[in-house]
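# Report on the structure
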Amino acid sequence: MLKGFKDFILRGNVIDLAVAVVIGGAFTAIVNSVVSTIITPLVSLFFKADATGQFGPKLTNIYGNPVTFPLGDLISAIISFLAVAVVVYFVFVLPMNTFKAHVEARKGTGAEEPEDEPAAATEAELLVEIRDLLKSQRA
């Protein structure tokens, strides 16, 4: 049971995913800060904020009250996601893929290919061998 867990954890994809999640979570604070200090003011140039600070198209509901669709929050979330994805790709995925390709290239040029070992005998073949050995011992 522990060997299976160890094999699962040591797979490259699981480790890559864990690194991406941890770094993505830590990087979120930086991205949110950039979005709130730079992107949100840029978006507010095109949309007027209401009293709550939200900006986006305003419509009147059936009771005559204004309703704001906070598209600024959506735009900020999309930009945050794209920023995290770009950083994770260029800081982690691309270097790891380059490293793996380099390691594979070294393996291909440096070592000779091992000879193919014969395939393991099937159960029926083993039983036939045992029968033949028993016959030869009786004779």
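Residues numbered from 1 in each chain as written. Predicted model: local features only at pLDDT ≥ 70, side-chain atom pairs only at ≥ 80, totals over all residues. Heavy atoms only, no water.

Filter applied, for reference: UniProt positions are given in the numbering used here, feature names are shortened, and annotations may be inferred rather than shown by experiment.
The name given to the protein chain in an unreviewed UniProt entry is Large-conductance mechanosensitive channel, and the organism recorded there is Microbacterium sp. A8/3-1. Of the comments in the UniProt record for the protein chain, the one headed Subcellular location (unreviewed entry) reads "Cell membrane". Per UniProt, the comment on the protein chain under Function (unreviewed entry) is "Channel that opens in response to stretch forces in the membrane lipid bilayer. May participate in the regulation of osmotic pressure changes within the cell."

### A closer look at the overall build of the protein chain
The cut-off we apply is this: The numbering of helices and of strands both runs from the N terminus, where a helix is a DSSP run of H or I of at least 4 residues and a strand a run of E of at least 2. Three labels apply to residues, based on accessible area from a 1.4 Å probe with only protein chains included: buried if under 20% of the type maximum, exposed if over 50%, partly exposed otherwise in between. The contact criterion used is simple: two residues touch if any of their non-hydrogen atoms lie within 4.5 Å.
Secondary structure assignment for the protein chain yields 4 helices and 2 strands. Counting helices and strands in the order they occur from the N terminus, the protein chain gives α-α-β-β-α-α. By the burial criterion, 9% of the 139 residues in the protein chain qualify as buried. For the protein chain, long-range pairs separated by at least 24 residues make up 33% of all intrachain contacts whose partners lie at least 6 apart in sequence.

### Some points on a nonpolar patch on the surface
The following threshold applies: Patch membership requires over 30% relative accessible area and the absence of a salt bridge. Like charges are linked within 9 Å, and nonpolar side chains (Val, Leu, Ile, Met, Phe, Trp, Tyr) within 5 Å. Values of accessible area rely on a 1.4 Å probe in the Shrake-Rupley scheme; residue burial ignores everything except the protein chains shown. Think of a salt bridge as a Lys or Arg side-chain nitrogen and an Asp or Glu carboxyl oxygen that are within 4 Å of each other.
Residues L59, V67, F69, L71, L74, I78, F81 and L82 make up a contiguous nonpolar surface patch of roughly 740 Å² in combined accessible area. Considering each element in turn, the nonpolar patch owes the most residues, 5 residues, to helix α3 (residues 71-110). With respect to the element layout, F81 can be found in helix α3. For F81, a relative accessible area of 59% translates into the label exposed.

### Section: the packing of aromatic side chains
The test is simple: Two rings from Phe, Tyr or Trp (for Trp, the six-membered ring) form a pair when their centres sit within 6.5 Å of each other. Planes less than 30 degrees apart are called stacked, planes more than 60 degrees apart edge-to-face, and all others tilted.
Per the counting criterion, the structure on display carries 1 aromatic pair. Arranged with centres 5.0 Å apart and planes meeting at 80°, the rings of Y89 and F90 form a pair that is edge-to-face. A residue is classified by how much of its surface remains accessible, and Y89, at 36% relative accessible area, is partly exposed.

### Details of the pattern of salt bridges
Two side chains that carry opposite charge are able to pair once their charged atoms sit near each other. Inspection of the entire model under this criterion finds 2 salt bridges. For the salt bridge of E104 with K107, the shortest nitrogen-to-oxygen distance reads 4.0 Å. Of this pair, E104 and K107 both sit in helix α3, 3 residues apart, which is roughly one turn of the helix. By relative accessible area, K107 is classed as exposed at 53%. With a shortest N-O distance of 3.3 Å, D132 and R131 are connected by a salt bridge. Judged by its relative accessible area of 44%, R131 falls in the partly exposed class.

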